[in-house]
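Topology and contacts: notes
The residues making up each chain are set out below.
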Amino acid sequence: MRTQAQIARKHSSALLFILGTMACTAPATAQDTSLASNDPVRGSPPSPAKTKNSSDTTEDRWNFHAQTTYVYQHKDGFSAPYTGPQSLSTSPEYSYTSTFTAYVGARFWKGGEIYVDPEVVVGKPLSHLFGLASINNGEIQKNGGTHPRGYLARWFLRQTFNLGGDSIHVEDGPNQLASNYDARRFVVTLGKITLTDIFEKNTYANDPRTQFLNWSLITHGAWDYAADARAYTIGGAGEFYWDNWVVRVGRFMEPKAANGTTLNHRIWTYHGDNLEVEHDHKVGDLPGLVRVLVFRNHSWAGNYLDAIAAAEGTGNPPDVTSVRKPSSKVGYGISFEQRLSSDIGVFLRASLANDRIEEYAFTEIDNDLSGGISVNGTRWNRPDDVFGVAFSTAGLNRQHREYLAAGGLGGFLGDGQLTRYAREDVLETYYNYHLFKGVQLSPDFQVILNPGYNADRRGPVFIYGMRVHLEI
């Protein structure tokens, strides 16, 4: 058996190798110097609605970008009176992920953009990915493993129909050709994406490759958004931009089984529907926005109350997978972000979902409140650096709590009992240090209380991390 020292030496060597590789492959693109990175989750484009007017009107016919991100995390041990079949381990552990993504874009006709993103992922989660609803690393995948796996993460068409208004120039980036759009336009996206490419694209808390890592901080915690085990899905969305307003609507495929790898192509029968309304505003000269999201999922899912009823009198714990049937889940989210100065921005999110239907594609959070602050390093003469600190408090609704208390197992949770329920709280902070053009090094620290919503196993759980990110 390998010792912790051997493990640390192994990953230190890997980290040094990546840094050496980066030093030999300095990227050709300019480093983003905005308050917070505009790279959303897994490399989706910056929102054209936020791009300022520009005298530059150059448009790309094609582009190529790439990224690689390595995350290493260590969890301290903690004390607990008992451990269940799907509990977070009380022993010290380590976790890591490594990803590589290429972004290829081309324009073949007016207003039409096509993108293809091949990706390779390798990783090891904490406790086999059990024991937390607020999972510690947004790069970890539900079907990941310690052997590299390659696949097409995205392939999609984006068609823009300009309707007038001010002209907006969007600069070249991952999954974004340099383009000119009207402030009033209709955009159609068809193909394979992750839903956070389009919906709830928070400026300060959206990308685990450059911002906060915890799942509860990269989007609405209670948004059980349609996705396979890698977080991607197939479908279509429409976005209607009208000056400071945006309305987005989309329908996408659910997996055939909860947290499964295969999507159900019967999109008219099983699907995730999303509606989002966004309003951009200014307080003085400082930009901000408000978004309201409503989602409805229809999938082959179990009901917690049905599972409890089916187990009564059997002496066995309830099993939500045994009572699956066509079921609908409805949820809501609201988010707010505001720049307080040229170098400080804040965000706040709240979300709530149906309490009876099992988590199907994201994580076991039924309601959540999160918020944080992002500070650019201009004040200490490091304008390319970003410091962030945020919190999240996640909860379960009554039926979900009763199911876990009776010994039921969820997609991620299962301490065997839940005598003393408590909200799962997270505090995370990171510092994104700009080494040189395109290369970022980010120490990260998380404190988690009541893992699995269990006050008997309160912790605290301390997780120390280091992230290396390279953009080409």
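Right, let's walk through the structure included here. (Residues numbered from 1 in each chain as written. Predicted model: local features only at pLDDT ≥ 70, side-chain atom pairs only at ≥ 80, totals over all residues. Heavy atoms only, no water.)

1. Quick look at the nonpolar core
Nonpolar side chains in soluble globular proteins tend to be buried together. To be explicit about the condition: We define the nonpolar core as a collection of buried residues of types Ala, Val, Leu, Ile, Met, Phe, Trp, Tyr and Cys that are connected through side-chain atoms lying within 4.5 Å of one another. Burial classes follow relative accessibility: with a 1.4 Å probe on protein chains only, a residue under 20% of its type's maximum area counts as buried, one over 50% as exposed, and anything between as partly exposed. Numbered from the N terminus, helices here are DSSP runs of H or I no shorter than four residues, and strands are runs of E no shorter than two.
Counting 46 residues, the largest nonpolar core has Ile135, Trp223, Tyr225, Phe252, Tyr403 and Tyr453 as the members making the most contacts within it. For this core, the elements supplying multiple residues, two or more each, are β9 (286-301), α3 (304-311), α4 (398-405) and β16 (461-471). When residues in this core are grouped by element, the largest group, three residues, is from α3.

2. Thoughts on the pairing of strand β3 (residues 112-124)
Selection criterion: At least two bridges found by DSSP between two strands are what make those strands a pair.
When strand β2 (residues 93-109) meets β3, the two strands line up antiparallel, connected through 10 bridges. Pairing of tryptophan 109 across the sheet is with glycine 112, part of β3. A loop of two residues connects β2 with β3, the two strands running antiparallel in sequence, and glycine 111 in this loop sits at a positive phi of about 80°.

3. Here's the deal with the pairing of strand β15 (residues 439-449)
Successive side chains on a regular strand alternate, one facing one side of the sheet and the next facing the other. One ladder, built from nine bridges, connects strand β14 (residues 424-436) with β15; its direction is antiparallel. In the sheet register, glutamate 428 faces β15, and the bridge partner there is glutamine 446. Turn length for the β14-β15 hairpin, with the two strands adjacent in sequence and antiparallel, is two residues, and the turn residue glycine 438 shows positive phi of about 85°. Judged from the 10 bridges that link them, β15 and β16 form a sheet pairing that is antiparallel. Looking at the pairing, serine 442 lines up with arginine 467 of β16.

4. What to know about the packing of aromatic side chains
Each aromatic ring pair is summarised here by two numbers: the centre-to-centre distance and the angle between the ring planes. To keep it simple, the criterion reads: In this scheme Phe, Tyr and Trp rings, the latter by its six-membered ring, pair at centre separations within 6.5 Å, and the angle between planes marks the pair as stacked below 30 degrees, edge-to-face above 60, and tilted otherwise. Look at NZ for Lys and CZ for Arg. If either is within 6 Å of the ring centre and within 35 degrees of the ring normal, a charge sits over the ring.
As enumerated under the stated definition, the model contains 17 aromatic pairs in all. Between tryptophan 380 and tyrosine 431, the ring centres sit 6.3 Å apart and the planes meet at 35°, which makes this aromatic pair tilted. Placement of tryptophan 380 in the loop between β12 (367-377) and β13 (382-395) and of tyrosine 431 in strand β14 is noted, with a sequence separation of 51 residues between them. Its relative accessible area of 36% is what places tryptophan 380 among the partly exposed residues. With a relative accessible area of 21%, tyrosine 431 lands in the partly exposed category. Ring plane angle 20° and centroid distance 6.1 Å describe the contact between tyrosine 421 and tyrosine 453, whose orientation is recorded as stacked. In this pair, tyrosine 421 is assigned in the loop between α4 and β14 and tyrosine 453 in the loop between β15 and β16, connecting sequence segments 32 residues apart. Take tyrosine 453: its relative accessible area is 0%, and that puts it in the buried class. Every member of this aromatic cluster is reached through a ring pair, and the members are Phe199, Trp215, Trp223, Tyr225, Phe362 and Phe412. We note arginine 185 situated over the ring of tyrosine 241; from NZ or CZ to the ring centre the distance is 3.8 Å.

5. Notes on the environment of methionine 466
Within the secondary structure, methionine 466 sits in strand β16. Through-space distance from the C-alpha of methionine 466 to that of aspartate 444 is 5.8 Å; in sequence the pair is 22 residues apart.

6. Focus on the side chain of histidine 400
Quick note on the threshold: Two residues qualify as a contact provided that any one of their heavy atoms is within 4.5 Å of a heavy atom in the partner residue.
Relative to the helices and strands, histidine 400 is located in helix α4. For histidine 400, a relative accessible area of 0% translates into the label buried. Leave out the neighbours within four places in its chain, and histidine 400 touches Tyr304, Asp355, Glu364 and Asp366.

7. Some thoughts on the pattern of salt bridges
As a reminder, the rule being used: Salt-bridge detection follows one rule: a side-chain nitrogen of Lys or Arg within 4 Å of a carboxyl oxygen of Asp or Glu.
Under the criterion given, the structure shown has 25 salt bridges. The salt bridge partner of arginine 248 is glutamate 239, with a shortest N-O separation of 2.9 Å. Residues participating in the shared-partner salt-bridge network are Glu200, Glu239, Arg248, Glu276, Glu278, Arg291, Glu337 and Arg349.

8. Quick notes on the side chain of aspartate 182
Put simply, the test is: The charge count includes Lys and Arg as positive and Asp and Glu as negative, but it does not include His or the ends of the chains.
By secondary structure assignment, the location of aspartate 182 is in strand β5 (residues 179-193). Although aspartate 182 lies buried, it forms no salt bridge, and the closest oppositely charged side chain, arginine 185, sits 7.8 Å away as judged by the N-O distance. With sequence-adjacent residues up to four places away left out, aspartate 182 is seen in contact with Asn162, Leu163, Gly164 and Asp166.

9. Description of the layout of surface pockets
Our working definition: Residues are said to line a cavity or pocket when one of their atoms sits within 4 Å of a point; the points come from a 1 Å grid over protein atoms alone, cavities being sets where a 1.4 Å probe fits but cannot get out and pockets being open sets with protein on both sides within 12 Å along at least five of seven lines. Grid points are joined across faces, edges and corners, and a volume is the space filled by probe spheres set on the points. When residues are sorted by character, Ala, Val, Leu, Ile, Met, Phe, Trp, Tyr, Cys and Pro go into the nonpolar class, Asp, Glu, Lys and Arg into the charged class, and all the rest, Gly among them, into the polar class.
Its boundaries defined by the atoms lining it, the second largest pocket holds a volume of some 440 Å³. As for the second largest pocket, its lining consists of 32 residues, of which His128, Leu129, Phe130, Gly411 and Phe412 are closest to the centre. Counting residues per element, the lining of the second largest pocket draws most heavily on β3, which supplies four residues. When grouped by side-chain class, the residues that make up the lining of the second largest pocket number 12 nonpolar, 12 polar and eight charged.

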